[in-house]
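What follows is each chain in one-letter form.
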Amino acid sequence: MHIPMAIRTNMITATAARMVDRSALFRLMTWMSPAYPVGAYTYSQGLEWAVEDGTVTDTESLDDWLTQVLRHGTGHTDAILFRHAHEAAAAGDLDGLLDVADLAAAFQPSSERRLEALAQGRAFALATLPAFSSPMLAKLEAARPDALAYTVTVAVAAADQKIAVEDALAAFLHGVAANLVSAGVRLIPLGQSAGLKVLTALEPVMTEVADATRSLSLDELGGATVIADIASMRHETQYTRLFRS
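Residues numbered from 1 in each chain as written. Predicted model: local features only at pLDDT ≥ 70, side-chain atom pairs only at ≥ 80, totals over all residues. Heavy atoms only, no water.

Colleague: Could you give an account of the packing of aromatic side chains, naming the residues involved and the relevant values?
Modeller: For any pair of aromatic rings, the description rests on two quantities: the centre-to-centre distance and the angle between the ring planes. Within the structure shown, the criterion is met by six aromatic pairs. Between Trp31 and Phe124, the aromatic rings sit 5.8 Å apart at their centres with planes inclined by 80°, giving edge-to-face as the arrangement. In this pair, Trp31 is assigned in helix α1 (residues 5-31) and Phe124 in helix α6 (residues 111-128), connecting sequence segments 93 residues apart. Comparing Trp31 with Phe124 shows no difference in burial state: the two are buried. Here the aromatic rings of Trp31 and Phe132 are separated by 5.5 Å at their centres, their planes lie at 80°, and the arrangement is edge-to-face. Here Phe132 lies in the loop between α6 and α7 (135-143) and Trp31 lies in helix α1, a separation of 101 residues in the sequence. The two residues Trp31 and Phe132 agree in class, both being buried. Here the aromatic residues Trp31, Tyr36, Phe82, Phe124, Phe132, Tyr150 and Phe172 are joined through ring pairs into a cluster of three or more. (Phe/Tyr/Trp six-rings, centres within 6.5 Å; stacked < 30°, edge-to-face > 60°. Helix = DSSP H or I, 4+ residues; strand = E, 2+ residues; numbered from the N terminus. Buried < 20%, exposed > 50% of the residue type's maximum accessible area, 1.4 Å probe, protein only.)

Colleague: Could you give me a rundown of a negative patch on the surface, with the residues and numbers involved?
Modeller: On the surface, Glu87, Asp93, Asp95 and Asp99 cluster together into a negatively charged patch. Tracing the backbone shows Asp99 in helix α5 (residues 94-106). (Patch = residues over 30% accessible without salt bridge, like charges linked within 9 Å, V, L, I, M, F, W, Y side chains within 5 Å. Areas by Shrake-Rupley, 256 points an atom, 1.4 Å probe, with all protein chains shown as cover. Salt bridge = Lys/Arg side-chain N within 4 Å of Asp/Glu carboxyl O. Lys, Arg positive; Asp, Glu negative; His and termini not counted. Charge placed at Lys NZ, Arg CZ, Asp CG, Glu CD.)

Colleague: Quick rundown of unusual backbone geometry? Include the residues and the values.
Modeller: A cis amide bond links Ile188 with the next residue in sequence, Pro189, at an omega value of -5°. Relative to the helices and strands, Pro189 resides in the loop between α9 (165-187) and α10 (192-201). Unusually for a residue other than glycine, Gln45 sits at a positive phi of about 55°. Among the structural elements, Gln45 can be located in the loop between α1 and α2 (47-52). Gln45 gets classed as buried once you look at its relative accessible area, which sits at 11%.

Colleague: Mind laying out the pattern of salt bridges, listing which residues take part and the relevant values?
Modeller: Going through the model one piece at a time under the given rule, you end up with eight salt bridges. Salt-bridge contacts for Arg113 lead to Glu116; the nearest nitrogen and oxygen are separated by 3.8 Å. Highlighted residues: Arg113 and Glu116, both in helix α6, separated by three residues, approximately one helical turn. Accessibility classification places Arg113 together with Glu116 in one group, the buried group.

Colleague: A description of empty space enclosed by the protein should follow, citing residues and the corresponding values.
Modeller: By the definition in use, this model includes one cavity of 30 Å³ or more. Empty space within the largest cavity amounts to approximately 40 Å³. Residue lining of the largest cavity: Val69, Leu70, Thr74, Gly75, Asp78, Phe172, Leu173, Val176 and Leu180, and that is the complete set. Here the lining of the largest cavity gets four residues from one element, more than from any other, and that element is α9. Classifying every residue of the lining of the largest cavity by side-chain character gives six nonpolar, two polar and one charged. (1 Å grid on protein atoms, 1.4 Å probe; cavity = no way out; pocket = protein on both sides within 12 Å on 5 of 7 lines; lining within 4 Å. Points joined across faces, edges and corners; volume = space filled by probe spheres on them. Nonpolar A, V, L, I, M, F, W, Y, C, P; charged D, E, K, R; others polar.)

Colleague: So what's going on with the layout of surface pockets? Residues and values would help.
Modeller: Size it by volume and the largest pocket reaches roughly 650 Å³. Lining the largest pocket are 35 residues, and of these Ala40, Gly175, Val176, Ala178 and Asn179 lie nearest its centre. In terms of residue count, α9 provides more of the lining of the largest pocket than any other element does, eleven residues in total. For the lining of the largest pocket, the class distribution of residues is 18 nonpolar, 13 polar and four charged.

Here it is as structure tokens:
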């Protein structure tokens with residue numbers, strides 16, 4: 001059957017567009033996979049202390065803890081920083097990107113949380129740069145090798161790969177939530193099905209956080225998860241620990 005040239009051209013264009021979309025999806029799946037070498041499984045953001053002192057003991061309390069962290073703590077602040085880092089990187093604004101990177105490195109409530117953010121960010125940059133074309137990430141790593149917060153490095157890599165900020169941020173928030181749920185499953189402990197139930201329940205929360213931070217400026221950074229911040233501080237002297245934070 002003869003297919004007119006115009007139709008064949010449109011078919012090829014549509015196929016190419018789908019391939020581009022899948023390429024972005026593959027990148028995000030790779031970066032947010034538990035197998036990506038950033039060491040995310042070794043951190044709990046103070047959740048280990050919350051389990052130790054009896055604040056988090058079951059599925060409901062884990063869901064509540066992570067909901068508050070996403071809405072009013074790490075999830076909220078990281079989403080704002082992620083958006084601004086992505087915007088600066090996409091625009092080729094190195095000075096603006098460095099400002100965001102410095103702020104992200106400084107905006108940590110405890111020494112362990114700072115270790116978590118910067119160690120994962122550094123590991124992500126070192127794993128990503130040889131494998132993916134990331135010119136802005138390379139410039140950031142050269143300028144701030146000791147101040148690479150995880151949220152910033154992922155955002156910059158996504159911008160370098162022309163991945164839309166909404167898609168990249170959704171993947172990032174899901175990766176963070178999944179890691180914390182995994183920590184809760186091991187610490188409480190819970191069954192895998194219970195952990196998946198919590199992760200599923202957090203989906204609308206992640207959507208809410210992403211939507212709520214869409215137009216926020218860096219001046220609106222701030223958190224209200226005081227108990228979680230204190231838990232991360234107390235974890236520093238916890239006698240028996242499985243996690244680094």
